[in-house]
Amino acid sequence: MSMLDEVPIGDIAAGSPETSHSKKPVSRLRLVVSRLRSTPRFWVGIIGLVAIILWAIFGLVPNAWNATDLDVYNMGSRPTGLHWFGTSDIGEDIYAQTIVGLRKSLIIGLLVGPLAAIIAGVVGAVAGYLGGWWDRAIVWVIDLLLVLPSLFLFILLSPIFKSLSWVALIFLLSGFGWMIMARVIRAQTRSLRERDFIKAARFMGVDTWTIIRRHVLPNVSSLLIIDATLGVGGAILSETTLSFFGFGIQAPDVSLGTLLTAGQGAAATRPWLFIFPAAILVFTVLSASLVGDALRDAVDPTSGVNRD
Amino acid sequence: MIGFIAKRFINYAVLSAIATLSAYVLASIILNPASRYLGRNPRPSDDTINAILDGLGVNPNTPVIERLWAWIVNLVTHGSLGDTIHNTTVISEMTARAGTSLRLLILGTIIAAIVGVAIGVWGAVRQYRISDQAISYASFTILATPAFVLGILLMILATMLNNVLGIQLISFTGEYTAGLDGGWWAHVLDRAAHLLLPTISLALMGAAGYSRYQRSAMLDVLAADYIRTARSKGRTRGSALVRHGVRVALIPMSTYFAYSFATVLAGAAVTELVFSWHGMGEMLVQAITQSDINAFTGAILFNAVLILIAGTLADIVYAALDPRVRV
């Protein structure tokens, strides 16, 4: 599995041709921002993401129903002026339920993405910087986790996490979502280790942890930011899949996954129970991954995957 | 080239073996097979439960390392993966189910690879045109859709189509129609009709990922000098693109294919469950819900062997395409 080491390493120090025309050197941040601005995909993604977050926060305000209200006079109704997304067979307002579920899914996604990126950064930097047996052991664990599909491990571990609250699910998802990025960070760190500024720090007697924290991690931070953004969508997908099969979020809590489970049986006859939460879910994940993808292109225009 | 492939094969084989053994240990620690008998009324005596669990080799009172050793010895000497909690052998359970899963997996993966590569090349050649933009956004949308949502959406569409046509053109529940009369051909057609939607679902997901990757690999190649050289020595554009472009762009794809296969397996398991197929994915999930350690390890072994095969195949393609590894 050594092929992943060949992931092209973007030369961080290299300036792009655009900079050579201006007199004042353009900072890296401004370069990235200006590249982002000219990417239509970034705008589609960021507007969608902001809209969905605002909707999750304020969406319940204009609605007459709460997620737990039961409207006994309109059970199983189609989408109407009274119930915008229709009602379930016991009179729950699907609009209110979707927003409550979306909130939970968003919280999980927004926490898991950065958390997994932090783990990936630390593990990858330690493996790449220390080298030797540490490196071999860590790469070996990463390869193992890549061979065992993480969905199966989630399901296996779910009996433990079911008894705990949904917060435990966040740690479970981030605990298995860092492997691929850790390998990329490791490859990047191995080349950083040979740079002069790291060597200088090492020869001055700075201890290993400080070098990793002060010199290695800041230099791979752009990769970590991308990974965190792309991880948001991935985490939401994992959470909904787990919840759909009853291994994730448990009954009193509502997430988009449990809503889709409830609507699944009636998907063909009363499609509003399924279509609305599903559309919201796809829209959320799509927006997050468009932002992450545009970010990757802006940080490293020569990056292999999804280049534009 | 043989040396390269043998080295990679051994690497994958060791990884698969270790993955299976770790799965056994993990399952032994987490799952509690006794719980299935404790809930019974009248409750069996402790001796009975212990006897049953010892017979299966899953008694939690025995240390995990001892059970693992017994499992390995049993596998090596008898070629047996132990018994399920329903007192059937894991091997017989797997042979009954593997065909179902393999049919879906092989068809789905092949279609996904062909369609994904074709669409990716098409998108790269027509970069920034409307067709490229449409393909890009479509694959992003499919990648943002969970496997189960895609499956159910396809079912809704099929139901609507059936309603419009007034006949049962596409059937999608289960693997075949129970109690179907008719000859051999009727059965084959029936199974093909049931195979349609799950295969589309799996192939769409795979093709979306592959096409993104193939597109970027192809874009790298299109800018290369050797394409211009091929054109200048008189090759037509199409011939230069296929003989020199696609061939090179497929090299990184083969690595990506090996790495993404675990994801495909998880997607296939979800697809099986959504379409209520009795395949290996269902076996794996049922094994966990019923705390069946032996069946779970069997299902993981099945997946590990598939990853081993897919990885080796990808490496063979890699070696065939890239002359540098053949020296």
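A quick note: this is a predicted structure, and the numbers were derived from the prediction, not measured.

Visitor: What is the right way to look at the environment of Arg-296 of chain A in this model?
Guide: Residues and elements named next belong to chain A. Mapping Arg-296 onto the fold places it in helix α12 (residues 272–299). Residue classification places Arg-296 among the buried residues on the basis of a relative accessible area of 18%. With 69 residues separating them in the primary sequence, Arg-296 and Asp-227 have C-alpha atoms 8.8 Å apart.

Visitor: What is the right way to read the pattern of salt bridges from this model?
Guide: Close approach of charged atoms allows side chains with opposite charge to pair. Residues and elements named next belong to chain A. Summed over all chains, the structure comprises 16 salt bridges over all chains. Notably, a salt bridge pairs Asp-297 with Arg-41, separated by 3.6 Å at the nearest N-O pair. Remark: Arg-41 occurs in helix α2 (residues 40–58) and Asp-297 occurs in helix α12; sequence separation between them is 256 residues. The exposure classification of Asp-297 matches that of Arg-41, with both residues buried. A salt bridge links Asp-135 to Arg-186, with the nearest nitrogen and oxygen atoms 2.5 Å apart. Placement of Asp-135 in helix α4 (residues 132–147) and of Arg-186 in helix α7 (residues 179–192) is noted, with a sequence separation of 51 residues between them. Assessed through its relative accessible area of 7%, Asp-135 is described here as buried. Accessibility expressed as a relative area gives 7% for Arg-186, which makes it buried. It is possible to trace a salt-bridge network through shared partners that takes in Arg-41, Asp-293, Arg-296 and Asp-297.

Visitor: Is there a simple way to think about the layout of surface pockets in this case?
Guide: To find the voids left in a structure, one rolls a probe of water-molecule size over its atoms. All names here are of chain B. Empty space within the second largest pocket amounts to approximately 470 Å³. Taken together, 21 residues form the lining of the second largest pocket, with Thr-109, Ala-113, Phe-257, Ala-310 and Leu-313 sitting closest to its centre. Those elements that place two or more of their residues in the lining of the second largest pocket are α5 (90–125), α10 (237–274) and α12 (293–321). Here the lining of the second largest pocket takes eight residues from α5, the largest share from any one element.

Visitor: Before we go on, may I ask you to explain the interface of chain B and chain A in this structure?
Guide: Note: interface size is frequently given as the accessible area lost on complex formation between the parts. In this complex, chain B contributes 52 residues to the contact, which on the side of chain A involves 47 residues. Buried area between chain B and chain A, both sides added, is near 4500 Å², and the carbon and sulfur share of it is 78%. Taken as a group, Phe-140, Phe-148 and Tyr-259 of chain B account for 15% of the area that chain B buries against chain A, more than any other trio of residues on that side. One can count zero salt bridges joining chain B with chain A. Between the two partners, chain B and chain A, sit zero residue pairs in polar contact (both at pLDDT 80 or more). Counting residues per element, the side of chain B that touches chain A draws most heavily on helix α1 (residues 2–30) of chain B, which supplies eleven residues.

Visitor: Help me understand helix α1 (residues 28–37) of chain A in this model?
Guide: Along an α-helix, residues three or four positions apart point the same way, because every turn accommodates 3.6 residues. Residues and elements named next belong to chain A. Within α1, burial applies to Leu-31, Val-32, Arg-35 and Leu-36. Seen from one end, α1 has its buried residues packed into an arc of 135 degrees, which puts them on one side. Those residues of α1 that are exposed and angled more than 90 degrees off the buried face are Leu-29, Arg-30 and Arg-37. Taken together, the buried residues of α1 touch α2 and α12.

Visitor: Would you explain the nonpolar core in this entry?
Guide: Counting residues in each nonpolar core, the largest one holds 157 residues, and the members touching the most others are Trp-178, Leu-242, Leu-260 and Phe-274 of chain A together with Phe-261, Val-274 and Phe-296 of chain B. Ranked by the residues each element gives to this core, the list is headed by α10 of chain B, at 16 residues. In contact with Phe-274 of chain A, other than residues within four places in its own chain, are Leu-260, Gly-263, Gln-264 and Ala-267 of chain A together with Val-149, Ile-152, Leu-153 and Ile-156 of chain B. If you look at the next biggest cluster of nonpolar residues, it comprises ten residues, including Ala-67, Phe-85, Ala-96 and Ile-99 of chain A.

Visitor: Would you take a moment to explain the side chain of Thr-284 of chain A for this structure?
Guide: All names here are of chain A. Its location among the elements puts Thr-284 in helix α12. Residue Thr-284 is classed as buried on the basis of its relative accessible area of 2%. When near neighbours in sequence (up to four residues on either side) are disregarded, Thr-284 contacts Leu-49, Ile-52, Leu-102, Leu-106 and Ile-236.

Visitor: Would you mind showing me how to read the packing of aromatic side chains here?
Guide: Geometrically, a pair of aromatic rings is defined through the distance of the ring centres and the angle of the planes. Following the criterion strictly, the structure yields 15 aromatic pairs over all chains and no others. Their ring planes at 35 degrees and their centres at 5.3 Å tell us that Tyr-24 of chain B and Trp-71 of chain B sit as a pair that is tilted. Residue Tyr-24 of chain B is found in helix α1, and its partner Trp-71 of chain B is found in helix α4 (residues 64–78); the two are separated by 47 residues along the sequence. In this structure Tyr-24 of chain B comes out as buried when scored by relative accessible area, which is 1%. The buried category is assigned to Trp-71 of chain B, whose relative accessible area is 7%. In this structure an aromatic cluster arises from ring pairing among Trp-55, Trp-84, Phe-85, Tyr-95 and Phe-276 of chain A. The residue whose ring lies beneath Arg-136 of chain A is Trp-133 of chain A, and the NZ or CZ to ring-centre distance is 4.7 Å.

The rules behind the values
Residues numbered from 1 in each chain as written. Chains lettered and ligands numbered in written order. Predicted model: local features only at pLDDT ≥ 70, side-chain atom pairs only at ≥ 80, totals over all residues. Heavy atoms only, no water. Helix = DSSP H or I, 4+ residues; strand = E, 2+ residues; numbered from the N terminus. Buried < 20%, exposed > 50% of the residue type's maximum accessible area, 1.4 Å probe, protein only. Salt bridge = Lys/Arg side-chain N within 4 Å of Asp/Glu carboxyl O. 1 Å grid on protein atoms, 1.4 Å probe; cavity = no way out; pocket = protein on both sides within 12 Å on 5 of 7 lines; lining within 4 Å. Points joined across faces, edges and corners; volume = space filled by probe spheres on them. Contact = heavy atoms within 4.5 Å. Buried area = accessible area lost by both parts, 1.4 Å probe. Polar contact = N/O pair within 3.5 Å; in protein donor to acceptor, adjacent residues only side chain to side chain. Arc of directions from axis to C-beta. Core = buried A, V, L, I, M, F, W, Y, C linked by side-chain atoms within 4.5 Å. Phe/Tyr/Trp six-rings, centres within 6.5 Å; stacked < 30°, edge-to-face > 60°. Lys NZ or Arg CZ within 6 Å of the ring centre and 35° of its normal.

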